[in-house]
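Chain residues, written in single-letter form:
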Amino acid sequence: MKRVITYGTYDVLHYGHINLLKRAKALGDYLIVVLSSDEFNAIKNKKSYYTYEQRKTILEACRYVDLVIPEYNWEQKIEDVQKYQADIFVMGDDWEGKFDFLKEYCEVVYLPRTPDVSSTQTKEHLNKIAK
Ligand code: C2G
């Protein structure tokens, strides 16, 4: 049973997110998504449209996701990897190299981002056409 773990805000879920989750799940048998809390989003200077609970509900409906737990800070990854016995840590390659410190605890994989889609872009476009 290979356990995969990944982190993110996953606001306004789009096909770029799904593409990441799909590939992450394909690396193992069980995918844990550590979802940024609203407070941690503030630390990341991200204002999400949906609350943590709403983003959690949406992610839990995704066929590739087996468990959603909260991300409260930058420092919890080693503890999470150990606590949830993750074999593989996966992130989009916009994070390339940033989490290599996890290599002594698990495999670290950076996957190519899906081009031309982001929650920010989607929200901006919807704001524009809503006027
Ligand atoms: N992603 C992607 N392609 C996109 C957009 C996002 O592959 N077009 C990936 C990101 O690389 C990330 C995941 O989808 O692996 C979630 O993206 P965000 O919600 O933007 O996550 P982020 O704010 O980068 O949070 O501790 C780590 C942070 O919580 C990462």
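Located above this text is the structure these notes cover.
Caption draft 1: A look at the overall build of the chain. For the chain, the helix and strand inventory stands at five helices and five strands. Reading the secondary structure of the chain in the N-to-C direction produces β-α-β-α-α-β-α-β-β-α. Going through the 131 residues of the chain one by one, you find that 46% of them count as buried. Across the chain, every contact between residues at least 6 apart in sequence was considered, and the portion connecting residues at least 24 apart equals 65%. Total accessible area computed for the chain in this model is approximately 7,600 Å², and 52% of it derives from carbon and sulfur atoms. A gap of 5 Å separates the mean positions of the 19 positive and 20 negative side-chain charges of the chain.

Caption draft 2: Representation of the site of the ligand within the structure. If you check the shell around the ligand, you find 21 residues, and the closest are Lys46, Glu71, Lys77, Asp94 and Thr114. In the model, an oxygen atom of the ligand is placed 2.5 Å from a nitrogen or oxygen of the Lys46 side chain. Secondary-structure elements contributing two or more residues to the shell around the ligand are β1 (3-8), α1 (15-26) and β4 (88-92). A per-element tally of the shell around the ligand places α1 first, with three residues. Classifying every residue of the shell around the ligand by side-chain character gives seven nonpolar, eight polar and six charged.

Caption draft 3: How the structure looks around unusual backbone geometry. Positive phi is not limited to glycine here, since Tyr10 has a value of about 50°. A residue is classified by how much of its surface remains accessible, and Tyr10, at 7% relative accessible area, is buried. Backbone geometry at Asn45 places phi at a positive 55°, although glycine is not the residue there. Classification of Asn45 as exposed rests on a relative accessible area of 72%.

Caption draft 4: Spotlight on the nonpolar core. Core analysis: the biggest nonpolar cluster contains 18 residues, and Tyr10, Leu21, Val33, Leu59, Val65 and Val90 have the highest contact counts within it. When residues of this core are traced back to their parent elements, those giving at least two are α1, β2 (30-36), α3 (52-60), β4 and β5 (107-111). Non-local contacts of Val90, meaning those with residues more than four positions away in its chain, are made with Val4, Ile5, Thr6, Tyr7, Ala24, Leu27, Val109 and Leu111. Counting residues in hydrophobic clusters, the runner-up holds 16 residues, among them Ile5, Val34, Val81 and Val108.

The rules we used
Every residue gets a number counted from 1 within its own chain, in the order that chain's sequence is written. Local features are withheld for residues below a pLDDT of 70 in this predicted model, meaning they are given only at 70 or higher, and side-chain atom pairs are given and counted only at 80 or more; totals for whole chains, interfaces and linings count all residues. Only heavy atoms go into the side-chain values, all of them from the structure, while hydrogens and water stay out. The helix and strand labels rest on DSSP assignments: H or I over at least four residues marks a helix, E over at least two residues marks a strand, and numbering proceeds from the N terminus. For every residue, the accessible area obtained with a 1.4 Å probe (protein chains only) is divided by the maximum for its type, and the residue is called buried under 20%, exposed over 50%, and partly exposed between those limits. Every residue pair with non-hydrogen atoms within 4.5 Å of one another is taken to be in contact. Surface exposure here means Shrake-Rupley accessible area, sampled with a 1.4 Å probe, where a residue is shielded only by the protein chains that are shown. Asp and Glu count as negative and Lys and Arg as positive, but His and the ends of the chain are not part of the count. Charged groups are reduced to one reference atom each: NZ for lysine, CZ for arginine, CG for aspartic acid, CD for glutamic acid. Think of it this way: one heavy atom of a residue within 4 Å of a molecule or strand is enough to make that residue near it. N or O atoms closer than or at 3.5 Å make up a polar contact, with two conditions inside protein: a donor-capable atom paired with an acceptor-capable one, and, for residues adjacent in sequence, both atoms drawn from side chains. Residues are grouped as follows: Ala, Val, Leu, Ile, Met, Phe, Trp, Tyr, Cys and Pro are nonpolar; Asp, Glu, Lys and Arg are charged; all remaining types, including Gly, are polar. Side-chain atoms within 4.5 Å are what join buried Ala, Val, Leu, Ile, Met, Phe, Trp, Tyr and Cys residues into a set we call a nonpolar core.

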